[in-house]
Amino acid sequence: MRRVKRMLLLLCLLVLVLTSCSNERVVDQLHILTTLGFDKNKSGYTGTALYSDLTKKGGKISFLQGNSKQIMLILNKMNNQSTKRIDIAKLRMIMFSKEVAKEGLSHFLLTICKDPLISNYLYIVVTEESIASVSKGLKDKGRDNLPYYMIEQNMQSGNIPHSNLSTVLFDFYGEGRDFSVPYIRFNKNGETEIIGFGIFKDDRLKIVINREEMMLYKLLQGKFIQGDIPYTINDKKGKSTALFSIQYGKGNKTVSKHKNETKVTYHLTLNGMVKEYPQGTQVEMNKSLVHLKKQLQTDLVLLLNKFKDEEVDPLGTGDLVRAYSRDWNENQFYKEEYSNIVFDVDLNLQLTKSGIGE
């Protein structure tokens, strides 16, 4: 019996070794694309694909390009230029230049959705420059410089709102909501950076909110609440700046109707600590948070009204109101009701046990 068990164990180990060797050979024979981008050209689109060249030390970034009106033909042309078969199963990000985004992404989203190899957790991003110029700047850099690492890290621990293909499709195909994605650029230091968030109407880029508004937008989303909010303290010595670091929070929304008025209230509770509180200030920390609360409430309502004025609905106000309505029509709501919605923010700031951070 022991001999049989030993034989089975040896067979399992042999299978594992052979499988791993087989996978290594397959990887060596593929260009595994991690990022795919699209620019507008005179005859259609220029597609650019980034991959890590595993034959070079550190997996240096390389790229392939193709031109066509059809997405699959672009991939075919890339494949025709490559000495190895290209593979999209590990795709982590799809980028669109702002020109393509303003023209509309429905064709791309429909094509991407049909491919069973594509993950719902990949990132959709709009770039200020052309994808081709970004790719040239990344060529021969280490794989750690691939943009999706930066997006992923900031969504998990920074001030960046949550967004991926799954949320984009949910907002795009759902009624009473619009989708949004990160907006990036390639700076003078040769690095990609997030400079805002693109808000779409239907499938077209409508507005881009800046970094400060982006953090407010993340708070209003009411999920994955984390980040740092700088705020100003005024005393006899002048102005100084402190930092309220949100460690966790929660939020929900309510709708109330009175005669012809519909009011949407955002209820937010933010738990955090004050960091870099200016030494020598005559304003107590708790009093300074009262001013921060008022300023935050004002800024949040301003952003909500900005979305309303620009006729975009990335927070799903229409979908929320629909839950409180018997006969709700999307077209009618945005033509007649959305502009009259009254927004309010109920904000509660709470200090954690740690209080002040050094």
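Residues numbered from 1 in each chain as written. Predicted model: local features only at pLDDT ≥ 70, side-chain atom pairs only at ≥ 80, totals over all residues. Heavy atoms only, no water.

So, the overall build of the chain
Right, on to step 1. Per the secondary structure count, the chain includes 11 helices and 13 strands.
Right, on to step 2. Looking at the chain residue by residue over its 358 residues, the buried ones come to 47%.
Right, on to step 3. The long-range fraction of contacts in the chain, counting pairs at least 24 apart against all pairs at least 6 apart in sequence, stands at 67%. (Helix = DSSP H or I, 4+ residues; strand = E, 2+ residues; numbered from the N terminus. Buried < 20%, exposed > 50% of the residue type's maximum accessible area, 1.4 Å probe, protein only. Contact = heavy atoms within 4.5 Å.)

A look at the packing of helix 8 (residues 211–221) against helix 9 (residues 285–309)
Right, on to step 1. It is at 10 Å that the axes of helix 8 and helix 9 come closest, and there the two elements cross at 90°. Classed by the angle they form, the pair helix 8 and helix 9 counts as roughly perpendicular. Packed against helix 8, whose contacting residues are Glu213, Leu216, Tyr217, Leu219 and Leu220, the element helix 9 presents Leu296, Asp299, Leu300, Leu303, Leu304, Lys306 and Phe307 at the interface.
Right, on to step 2. Each residue belonging to the contact of helix 8 with helix 9 can be placed in one class, and the counts come to 9 nonpolar, no polar and 3 charged. (Axes fitted to C-alpha atoms, helices over the stretch in contact; angles between N-to-C directions. Parallel < 35°, antiparallel > 145°, perpendicular 65-115°, else oblique. Nonpolar A, V, L, I, M, F, W, Y, C, P; charged D, E, K, R; others polar.)

Comments concerning the environment of Lys60
Right, on to step 1. Looking at the element boundaries, Lys60 is found in strand 3 (residues 60–68).
Right, on to step 2. With relative accessibility at 30%, the residue Lys60 sits in the partly exposed group.
Right, on to step 3. Spatially, the C-alpha atom of Lys60 lies 5.8 Å from that of Arg143, the residues being 83 residues apart in sequence.
Right, on to step 4. In contact with Lys60, other than residues within four places in its own chain, are Tyr51, Ser52, Asp53, Asp140, Lys141 and Gly142.

Remarks on unusual backbone geometry
Excluding glycine, residues mostly carry a negative phi; peptide bonds, for their part, are mostly trans.
Right, on to step 1. The phi dihedral of Asp140 falls on the positive side, at around 70°, and the residue is not glycine.
Right, on to step 2. Residue placement: Asp140 occurs in the loop between helix 5 (131–138) and helix 6 (147–157).
Right, on to step 3. Unusually for a residue other than glycine, Asp202 sits at a positive phi of about 60°.
Right, on to step 4. Residue Asp202 is classed as exposed on the basis of its relative accessible area of 54%.

So, the nonpolar core
Right, on to step 1. Grouped together as the largest cluster of nonpolar side chains are 64 residues, with contacts concentrated most on Ile151, Leu219, Tyr231, Phe244, Leu270, Leu296 and Phe307.
Right, on to step 2. Top element by residues in this core is helix 9. It accounts for 8 residues.
Right, on to step 3. Ignoring anything within four residues of it in the chain, the contact list for Leu296 reads Leu216, Leu219, Ile229, Leu270, Leu347 and Leu349. (Core = buried A, V, L, I, M, F, W, Y, C linked by side-chain atoms within 4.5 Å.)

Regarding the pattern of salt bridges
In a structure, side chains of opposite charge can pair up when their charged atoms sit close to one another.
Right, on to step 1. Enumeration over the complete set of coordinates arrives at 11 salt bridges.
Right, on to step 2. Here Glu103 ties to Lys40 by a salt bridge, and the two come within 3.3 Å at their closest N and O atoms. Placement of Glu103 in helix 3 (residues 98–103) and of Lys40 in strand 1 (residues 30–40) is noted, with a sequence separation of 63 residues between them.
Right, on to step 3. The shortest N-O distance in the salt bridge between Arg185 and Glu193 comes to 2.7 Å.
Right, on to step 4. A residue is classified by how much of its surface remains accessible, and Arg185, at 32% relative accessible area, is partly exposed.
Right, on to step 5. Linked through salt bridges whose partners overlap, the residues forming this network are Asp171, Glu175, Arg177, Asp319 and Arg322. (Salt bridge = Lys/Arg side-chain N within 4 Å of Asp/Glu carboxyl O.)

Here we look at the side chain of Asp39
Right, on to step 1. Mapped onto the secondary structure, Asp39 falls in strand 1.
Right, on to step 2. The buried charged residue Asp39 lacks any salt bridge, with Lys136 as its nearest oppositely charged partner at 9.1 Å.
Right, on to step 3. At a separation of 2.7 Å, a polar atom in the side chain of Asp39 contacts the main-chain amide nitrogen of Ile131.
Right, on to step 4. Apart from residues lying up to four places away in sequence, Asp39 is in contact with Gly44, Tyr45, Thr46, Ser97, Val100, Ser130, Ile131 and Ala132. (Lys, Arg positive; Asp, Glu negative; His and termini not counted. Polar contact = N/O pair within 3.5 Å; in protein donor to acceptor, adjacent residues only side chain to side chain.)

Here's the deal with the side chain of Thr34
Right, on to step 1. Take Thr34: it is sitting in strand 1.
Right, on to step 2. Residues contacting Thr34, with those up to four places away along its chain left out, are Leu50, Tyr51, Lys90, Leu91, Arg92, Met93, Leu146 and Tyr148.

With respect to the pairing of strand 12 (residues 261–275)
Right, on to step 1. Across the 15 residues that make up strand 12, a large majority, 11, are buried.
Right, on to step 2. In terms of strand pairing, strand 11 (residues 238–258) meets strand 12 through 15 bridges, oriented antiparallel. Across the sheet, the residue bridging to Ile246 is Gly272, located in strand 12.
Right, on to step 3. Linking strand 11 to strand 12, which pair antiparallel, is a turn of 2 residues; within it Lys259 sits at a positive phi near 55°. (Pairing = 2+ DSSP bridges.)

Some details on helix 9
Right, on to step 1. The end-to-end C-alpha distance of helix 9, which contains 25 residues, comes to 36 Å, matching closely the 36 Å that a straight helix rising 1.5 Å per residue would cover.
Right, on to step 2. Listed in full, the buried residues belonging to helix 9 are Met285, Ser288, Leu289, Leu292, Leu296, Leu300, Leu303, Leu304, Phe307 and Lys308.
Right, on to step 3. Just past helix 9, the residue Glu311 takes up positive phi, approximately 60°. (Expected span 1.5 Å × (residues − 1).)

Let's talk about the confidence of the model for the chain
Right, on to step 1. Scored by pLDDT, the chain comes out at a mean of 85, with 89% of its residues at no less than 70.
Right, on to step 2. Across the chain, the secondary-structure element scoring lowest on mean pLDDT is helix 1 (residues 2–28), at 50, and the one scoring highest is strand 9 (residues 204–209), at 97.
Right, on to step 3. Confidence over residues 15–20 falls short of pLDDT 50; this stretch has 0 contacts with residues more than four positions distant or in other chains. (pLDDT = per-residue confidence, 0-100.)

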